[in-house]
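Remarks on the overall topology
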Amino acid sequence: GENVEQHPSTLSVQEGDSAVIKCTYSDSASNYFPWYKQELGKRPQLIIDIRSNVGEKKDQRIAVTLNKTAKHFSLHITETQPEDSAVYFCAASWTGGGADGLTFGKGTHLIIQP
Amino acid sequence: GAVVSQHPSWVICKSGTSVKIECRSLDFQATTMFWYRQFPKQSLMLMATSNEGSKATYEQGVEKDKFLINHASLTLSTLTVTSAHPEDSSFYICSALLNEQFFGPGTRLTVL
């Protein structure tokens, strides 16, 4: 089955700086790669996703890049703000929207230092 | 839109008893729902895929007789933890599929 590795487990950045979180996956058949933000005690929320036919996607301060050949994808957050502090999970799935279930990475605790 | 609820939000039970957790899609119909388990400060692990009107599909290593899933309607899936033991204590989160997976708020299960 699919295996998703995520690094780093904890990331501390100064407010206003950029943060990058990286994931690798094992199953070359995976085609859908979402990123979730989970604040303490709350449900995971989709923040951005990318499908295998696209190399990069951007939504305001958040971007995701995908390298299918190397089987890795990354989350980039620019101009970080205190409200960006949370745990971020990457995931992979065979089908769009995660219709066949999602395999998650172990999560990255992002800490924004004021 | 696309709101998913879970009930109860937390439950404490004695070892050997069974506990039922409900997952509802409030404003959309979901043919497919998923059940995940999340250990403290860890990732979500897919337990099973629940399809309305058919048997659930369980991930490898998940005991189907212990974690009973019923998806009797397009807005409700239930997870019953049978003969619960302390090692079943965890955070259980469901999701419902529309164009993406929308997650419920989770249920904290503590087995004494």
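Refer to the structure presented above.
We now turn to the structure provided with this report. Nothing here was measured: the structure is a model prediction, and the numbers come from that model.

**Points about the sheet that holds strand β7 (residues 67-73) of chain B**
Residue and element names in this part refer to chain B. Judged by pairing direction, the sheet is antiparallel, and its 4 strands sit side by side in the order β1-β3-β8-β7 without closing on themselves. Of all strands in the sheet, those with a lone pairing partner are β1 (4-7) and β7, marking the two edges. With direction set aside, neighbouring strand axes in the sheet form an average angle of 15°. Pairing of β7 with strand β8 (residues 76-81) involves 5 bridges; the strand directions are antiparallel. The partner of N70 across the bridge, within β8, is T78.

**A few points about the pattern of salt bridges**
Close approach of charged atoms allows side chains of opposite charge to pair. Applying the stated rule across the entire model yields 4 salt bridges over all chains. Across the salt bridge formed by D84(A) and R61(A), the nearest N and O atoms sit 2.9 Å from each other. Pair noted here: D84(A) is in the loop between β8 (72-77) and β9 (86-92) and R61(A) is in the loop between β6 (56-59) and β7 (62-67), with a separation of 23 residues, a long-range link. Taking relative accessible area as the criterion, R61(A) reaches 22% and is therefore assigned partly exposed. Between E22(B) and R24(B) there is a salt bridge, with its nearest N and O atoms 3.4 Å apart. Its relative accessible area of 34% is what places R24(B) among the partly exposed residues.

**Section: the interface of chain B and chain A**
Each side of the interface is counted separately: chain B has 17 residues, and chain A has 16 residues. Of the roughly 1300 Å² buried at the junction of chain B and chain A (both faces included), carbon and sulfur atoms supply 55%. The three residues of chain B that bury the most area against chain A are S43(B), L44(B) and F103(B), which together make up 34% of that side's buried surface. The interface formed by chain B and chain A holds 0 salt bridges in total.

**Some points on the packing of aromatic side chains**
All names here are of chain A. For the coordinates displayed, the defined rule picks out 13 aromatic pairs over all chains. Look at F33 and F73: their rings are 4.9 Å apart centre to centre, the planes differ by 45°, and that puts the pair in the tilted class. In this pair, F33 is assigned in strand β4 (residues 32-38) and F73 in strand β8, connecting sequence segments 40 residues apart. Assigned by exposure class, F33 and F73 land together as buried.

**A few points about the pairing of β9(A)**
Residues and elements named next belong to chain A. Burial analysis of β9 places 6 of its 7 residues in the buried class, the great majority of the element. Across 4 bridges, β4 lies against β9 in antiparallel orientation. Residue pairing in the sheet places Q38 in a bridge with V87 of β9. With 3 bridges connecting them, β9 and strand β11 (residues 108-113) associate as antiparallel partners. Opposite Y88, over in β11, you have T108 as the bridge partner. Strand direction decides the pairing type here: β9 and strand β10 (residues 103-104), joined by 2 bridges, are antiparallel.

**With respect to a nonpolar patch on the surface**
Taken together, the side chains of W10(B), I12(B) and L112(B) define a hydrophobic patch exposed on the protein surface, amounting to about 390 Å² of accessible area. By secondary structure assignment, the location of W10(B) is in strand β2 (residues 10-13).

**Let's talk about the state of the cysteines**
Residue and element names in this part refer to chain B. Under the definition given, this model contains 2 disulfides over all chains. The disulfide that involves C23 links it to C94, with 2.0 Å between the sulfurs. Residues C23 and C94 are joined through a disulfide that is right-handed, its torsion about the S-S bond being 80°. With a gap of 71 residues between them, C23 in strand β3 (residues 19-25) and C94 in strand β9 (residues 90-97) connect regions that are remote in the sequence.

Definitions and limits used
Residues numbered from 1 in each chain as written. Chains lettered and ligands numbered in written order. Predicted model: local features only at pLDDT ≥ 70, side-chain atom pairs only at ≥ 80, totals over all residues. Heavy atoms only, no water. Pairing = 2+ DSSP bridges. Helix = DSSP H or I, 4+ residues; strand = E, 2+ residues; numbered from the N terminus. Axes fitted to C-alpha atoms, helices over the stretch in contact; angles between N-to-C directions. Salt bridge = Lys/Arg side-chain N within 4 Å of Asp/Glu carboxyl O. Buried < 20%, exposed > 50% of the residue type's maximum accessible area, 1.4 Å probe, protein only. Contact = heavy atoms within 4.5 Å. Buried area = accessible area lost by both parts, 1.4 Å probe. Phe/Tyr/Trp six-rings, centres within 6.5 Å; stacked < 30°, edge-to-face > 60°. Patch = residues over 30% accessible without salt bridge, like charges linked within 9 Å, V, L, I, M, F, W, Y side chains within 5 Å. Areas by Shrake-Rupley, 256 points an atom, 1.4 Å probe, with all protein chains shown as cover. Disulfide = S-S within 2.5 Å.

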